[in-house]
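# Notes for the structure review
In case you want the letters, here they are:
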Amino acid sequence: MPRPSAGQHCRGRRGECRVRRHGRSRDPGAAVPDHADRRERGPAGTATRNYVAEDRVCRRWFVKAHLPGTDLEQERQALALGEAARAAGVPVPAVRRTVTGEVIASAGGLSASVTEYVADAETAEGGLSGGRWDVLGEAVGRLHRVLARHPVGPPRTVAACEVCDVARAGRRLEELLARWAAVPPAPGGFAAWCARAAVRSLADLPEVAARLEKLPDTLTARVVHGDLASPDVLLRGEAVAAVIGFRHPGLRSAAWELGRIVLDPRTVLACPNEWIPVLARAVGAYRAANPQLSAEDLIAVPRVAAGYLACSVCPLSEPLNAPAAATPALEAYGRARHEAAGVLWERLEEAEEVLGDVLR
């Protein structure tokens, strides 16, 4: 389903965006703009209930209803981060503010934010192809260049072991296996696969640690999107229509974020024999848009991406933490993550050599 969009404008009724209660409903989706004549369930969110609202002049808006317990201050900071990127030319949907200028409307225990709706766009979840590698690399480079000026702080160096923390991964996997031992999964299902994958991941960590020793001692941390994944990039043809889903600002590895989006497991598996030259195109486009990030950071992108996949317990813990979230789609994604890590490790040195030729 389409996602929020840049470029639309709605005057609405006096330009207002208020929150209303629908009777005594506790549905967070009841918080919608008061000029919305119709609403429908939108794309799923991990921490929100999402809706598409249509106003009286047939403009469509993307409504995020924030679940109880959400840190609304962090959500405000995330929306402000997106607004800063938009002001600098990054395609980010505009936020519809309340009549008092707030980015989140709250009333009666319900809270919602409203942004422009992106029509006729698709997420990058189906994998990258053609010129999309180049435009996505350029868009992420421009985003990182813009956010480097954010008041949270200038870029700084961090130890590479903080970006791919093998020791932490070991602790988390041991804890997860202890939980699986206490509640053994039924054989044959996704939960059983998760338990077996956790055993393999823990056993592989010494080899992962050895491979990560080839990273530079330090990597650059800066203000980035914070949660940039395929569902957060909306494409229209071979153009980036919008970047959505920002997290509150903090300093994180730029190489980690770039690898997380351009080496999405589904993209890697869609072109297991061609991912290196197209990665080089994406990284070259990123460098042209953001020459501030060092060649050493950019050459490290595939190794950081592989290390991140190897050190993550996602989604191996989902059948225990949120059984309802363990859908067939999540199972397919979990299996793809593990398979893609193997593909990346297999040709890592070749990828780094190609990137070195492009960047030096």
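Residues numbered from 1 in each chain as written. Predicted model: local features only at pLDDT ≥ 70, side-chain atom pairs only at ≥ 80, totals over all residues. Heavy atoms only, no water.

### What about the overall build of the protein chain?
- Broken down by element type, the protein chain carries 13 helices and twelve strands.
- Looking at the protein chain as a whole, 52% of its 360 residues are labelled buried.
- The long-range fraction of contacts in the protein chain, counting pairs at least 24 apart against all pairs at least 6 apart in sequence, stands at 73%.
- As displayed, the protein chain offers around 15,900 Å² of accessible surface, 51% of which is attributable to carbon and sulfur atoms. (Helix = DSSP H or I, 4+ residues; strand = E, 2+ residues; numbered from the N terminus. Buried < 20%, exposed > 50% of the residue type's maximum accessible area, 1.4 Å probe, protein only. Contact = heavy atoms within 4.5 Å. Areas by Shrake-Rupley, 256 points an atom, 1.4 Å probe, with all protein chains shown as cover.)

### Topic: helix α1 (residues 72–87)
- Given a rise of 1.5 Å per residue, 16 residues ought to cover 22 Å, and the 22 Å separating the end C-alpha atoms of α1 matches this to within 8%.
- Buried within α1 we find A78, L79, L81, G82 and A85. The buried side chains of α1 occupy one side of the element, clustering within an arc of 150° when seen end-on.
- Summarising the contacts, the buried residues of α1 are in contact with β4 (95–96), β6 (110–116), α2 (132–147) and β9 (218–223).
- For α1, the capping residue at the N-terminal end is D71, with a side-chain oxygen 3.2 Å from the backbone nitrogen of E73.
- Among the residues trailing α1, G89 stands out with phi positive, at a value near 105°. (Expected span 1.5 Å × (residues − 1). Arc of directions from axis to C-beta. Polar contact = N/O pair within 3.5 Å; in protein donor to acceptor, adjacent residues only side chain to side chain.)

### Some thoughts on the nonpolar core
- In this structure, L263 and W275 are the most contacted members of the largest nonpolar core, which totals 82 residues.
- Tallying contributions element by element places helix α5 (residues 190–212) first for this core, with nine residues.
- W61, V63, A112 and V114 belong to the second largest nonpolar core, which has seven residues in total. (Core = buried A, V, L, I, M, F, W, Y, C linked by side-chain atoms within 4.5 Å.)

### Let's talk about the side chain of D297
- Its place among the elements puts D297 in helix α9 (residues 295–299).
- Buried charge D297 goes without a salt bridge, the closest partner of opposite sign being R222 at 7.4 Å.
- Within the structure, D297 has its side chain in polar contact with the backbone nitrogen of T220 (distance 2.8 Å).
- Setting aside residues up to four positions removed in sequence, D297 forms contacts with L219, T220 and A255. (Lys, Arg positive; Asp, Glu negative; His and termini not counted. Salt bridge = Lys/Arg side-chain N within 4 Å of Asp/Glu carboxyl O.)

### Some words on the environment of L67
- Of note, L67 is situated in the loop between β3 (60–66) and α1.
- As for L67 and L110, which are separated by 43 residues in sequence, their C-alpha atoms are 8.1 Å apart.

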